[in-house]
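# Chain and residue survey
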Amino acid sequence: MKSFVTGLPKVELHLHIEGSLEPELMFELARRNQVAIPFSSPDEVRAAYQFTNLQSFLNIYYQGANVLLTEQDFFDLTWAYLERCRADNVQHCEIFFDPQTHTDRGVAFATVVNGICAALTKAEQELAISSQLIMCFLRHLDEDAAFATLEMALPFKDKIIGVGLDSSEQGNPPEKFARVFAKAKALGFLTVAHAGEEGPAQNIVDAIELLQVNRVDHGVSCAQDPALVASLAATRMPLTVCPLSNTKLKVFEHMTDHNLVELLRQGVCVTINSDDPAYFGGYMTANFMAVAEAFAISNAELAQFSLNAIEASFISQERKDELTQAVEAYLQQA
Ligand code: HPA
Ligand code: ZN
């Protein structure tokens, strides 16, 4: 099982690049940039990662991002993630970044985008890993701040395929950003949004209807509403599900309680992703393994998560066909 999962060609669609900051790199960047952090060793950082819900994680995650200051920092962060992609046979990835986490600390939008994109370009050339970049609005901040961030992104529009919505779902429903998303769409950005992670199924409905999203990030609370599940399956609206994140943040108590396999079997376009792997205990292979160990699931079903991610990705039909063939050939020889 482990070797099947490790070698399976994968596509990741839900990865916050700031959430791939490993404690060792956090320490190195803190030293390099002379930023004080309230920990004395990488082990002490790891020991602090005991989360009770989404907010308890976000508080630590935003604090960790303070060590990221220069273009080189964003390059190093992204390159480290791409090396994990190579190890896990992730052949295409779509990466989120949170511009406001950095611009609000005085780091220029260009510094962030140029550092990330330099690593993505190098990975395309040297590792044959393709990628897209999606910028997320922080939903705990207001609509004006999101509009200002959208404005800042315009000079970089050729590098950013879409906009997303992340941070604290409770108290910050999709409707708060309906006008910003309408403008982003009119400008030609694709749209995604975190919905139904800690929030109700209605947030998923609203993300689809009010924000016109192309994919729903998380979306696991859809199970509260059987009519919504049927509609997700009928429309093949993708869900970017993050198994280790969901158990670490207590969305599900145990992996065996998770609903992703049931949703897959109901025909929903479920995908497996790592969300914030440095904080939640693993990258893509670890997430697939956690699912494979918790459920009686076939190789074909595991491969279906990859096929769904290819279907849901923001890439050319030609690249989709190439990746689909790689998955199908792998499944046949396994
Ligand atoms: N949910 C909401 N916001 C986030 C997450 C998440 O899982 N990860 C990083 N920002
Ligand atoms: Zn997320």
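First, a word on what this report is: a plain description of the structure on this page. (Residues numbered from 1 in each chain as written. Chains lettered and ligands numbered in written order. Predicted model: local features only at pLDDT ≥ 70, side-chain atom pairs only at ≥ 80, totals over all residues. Heavy atoms only, no water.)

### Focus: helix H17 (residues 317–333)
- When the terminal C-alpha atoms of H17 are compared, their 24 Å separation across 17 residues agrees well with the 24 Å that a helix rising 1.5 Å per residue should span.
- What H17 keeps buried is the set Arg319, Lys320, Leu323, Val327 and Tyr330. Within H17, the buried residues cover an arc of 105° as seen down the axis, which keeps them to one side. Residues of H17 that are exposed and point more than 90 degrees away from the buried face comprise Gln317, Glu318, Gln325, Gln332 and Gln333.
- Tucked inside the fold, the buried residues of H17 contact helix H1 (2–7), strand E1 (10–16), strand E2 (90–97), strand E3 (130–138) and helix H16 (299–312). (Helix = DSSP H or I, 4+ residues; strand = E, 2+ residues; numbered from the N terminus. Expected span 1.5 Å × (residues − 1). Buried < 20%, exposed > 50% of the residue type's maximum accessible area, 1.4 Å probe, protein only. Arc of directions from axis to C-beta. Contact = heavy atoms within 4.5 Å.)

### Observations concerning helix H7 (residues 109–127)
- With 19 residues, H7 ought to run about 27 Å at 1.5 Å a step, and its terminal C-alpha atoms sit 26 Å apart, in line with that.
- For H7, every residue scored as buried is listed here: Phe109, Thr111, Val112, Val113, Gly115, Ile116, Cys117, Ala119, Leu120, Ala123 and Leu127.
- In this fold, the buried residues of H7 make contact with helix H5 (71–87), E2, helix H6 (99–103), E3 and helix H8 (143–153).

### Structural notes on the site of ligand 1
- Around ligand 1 lies a shell formed by His16, Leu54, Phe57, Leu58, Tyr61, Asp166, Ser167, His194, Glu197, His218, Asp275 and Asp276.
- Contact between ligand 1 and His218: an oxygen atom at 3.2 Å from a side-chain N or O atom of the residue.
- Bound to the protein, ligand 1 loses 100% of the 260 Å² it would expose on its own.
- The cavity that encloses ligand 1 is the largest cavity.
- Per-element accounting of the shell around ligand 1 gives the leading share, 4 residues, to helix H4 (residues 54–64). (Near = heavy atom within 4 Å. Polar contact = N/O pair within 3.5 Å; in protein donor to acceptor, adjacent residues only side chain to side chain. Areas by Shrake-Rupley, 256 points an atom, 1.4 Å probe, with all protein chains shown as cover. 1 Å grid on protein atoms, 1.4 Å probe; cavity = no way out; pocket = protein on both sides within 12 Å on 5 of 7 lines; lining within 4 Å. Sits in = over half its atoms within 2 Å of the grid points.)

### Points about the coordination of the zinc ion (ligand 2)
- Every protein donor of the zinc ion (ligand 2) is listed here as His14 (NE2), His16 (NE2), His194 (NE2) and Asp275 (OD), and their distances to the metal cover 2.0 to 2.3 Å.
- For the zinc ion (ligand 2), the 4 donor atoms are set out with angles of 82 to 175° between them, so the coordination reads as irregular.
- Binding-site remark: the zinc ion (ligand 2) is held by donors from one chain whose sequence spacing is H-x1-H-x177-H-x80-D. Highlighted residues: His14 in strand E1 and His194 in strand E5 (residues 190–195), separated in sequence by 180 residues. Of the two residues examined, His14 and His194, each falls in the buried class. (Donors = N, O, S within 2.8 Å, 3.2 Å for Na, K, Ca; no water. Tetrahedral: all angles 85-135°; square planar, octahedral: opposite > 155°, others 65-115°.)

### What about empty space enclosed by the protein?
- This structure, assessed with the given rule, holds 2 cavities of 30 Å³ or more.
- Taken as a whole, the largest cavity encloses approximately 110 Å³ of empty space.
- Forming the boundary of the largest cavity are 17 residues, of which His16, Phe57, Leu58, His194 and Asp276 lie nearest the centre.
- Examining the composition of the lining of the largest cavity, we find that 5 residues originate from one element, H4, more than from any other.
- Residue composition of the lining of the largest cavity, by class: 7 nonpolar, 5 polar and 5 charged.
- Of the volumes computed, that of the second largest cavity is approximately 50 Å³. (Points joined across faces, edges and corners; volume = space filled by probe spheres on them. Nonpolar A, V, L, I, M, F, W, Y, C, P; charged D, E, K, R; others polar.)

### Focus: the nonpolar core
- Within the largest apolar cluster, 115 residues are counted, with the highest numbers of intra-cluster contacts made by Phe97, Ile160 and Tyr279.
- In terms of residue count, H7 provides more of this core than any other element does, 9 residues in total.
- If sequence neighbours within four positions are ignored, Phe97 has contacts with Ile17, Glu18, Phe109, Val112, Val113, Ile116, Leu133, Ile134, Met135, Cys136 and Ile160.
- The next biggest cluster of nonpolar side chains, apart from the first, holds 5 residues, and it includes Ile134, Cys136, Val192 and Phe314. (Core = buried A, V, L, I, M, F, W, Y, C linked by side-chain atoms within 4.5 Å.)

### Quick word on the sheet that holds E2
- Taken together, the 8 strands give an open sheet; going across it, the order is E1-E2-E3-E4-E5-E6-E7-E8, and neighbouring strands pair in parallel fashion. Where the open sheet ends on each side, the last strands, each with one partner, are E1 and strand E8 (270–272). Neighbouring strand axes in the sheet, compared pairwise and without regard to direction, differ in orientation by 25° on average.
- Bridge count for strand E4 (residues 162–166) against E5 is 2 bridges, and the pairing is parallel. Counterpart to Gly162 in the pairing with E5 is Leu190.
- The strands touched by H16 within the sheet are E1, strand E6 (215–218) and E8, with E8 carrying the most contacts at an inclination of about 105°. (Pairing = 2+ DSSP bridges. Axes fitted to C-alpha atoms, helices over the stretch in contact; angles between N-to-C directions.)

### Concerning unusual backbone geometry
- Here His218, not a glycine, exhibits a phi torsion of approximately 75°, which is positive.
- Locating His218 in the fold gives a position in strand E6.
- You will see that Asp275, though not glycine, has its phi angle at about 65°, which is positive.
- Structurally, the position occupied by Asp275 is in the loop between E8 and helix H14 (277–280).
- Given a relative accessible area of 2%, Asp275 falls into the buried group.

### Observations concerning the pattern of salt bridges
- Across all of its chains, the model carries 14 salt bridges by this definition.
- Of the charged contacts, one joins Arg46 and Glu22 as a salt bridge, the two residues approaching to 3.3 Å between their closest N and O atoms. With Arg46 in helix H3 (residues 42–47) and Glu22 in the loop between E1 and helix H2 (23–33), this residue pair connects regions lying 24 residues apart in the sequence.
- Judged by its relative accessible area of 35%, Arg46 falls in the partly exposed class.
- With a closest N to O distance of 2.4 Å, Arg319 and Glu322 form a salt bridge. Of this pair, Arg319 and Glu322 are both found in helix H17, 3 residues apart, which corresponds to roughly one turn of the helix.
- Given the relative accessible area of 17%, Arg319 is considered buried. (Salt bridge = Lys/Arg side-chain N within 4 Å of Asp/Glu carboxyl O.)

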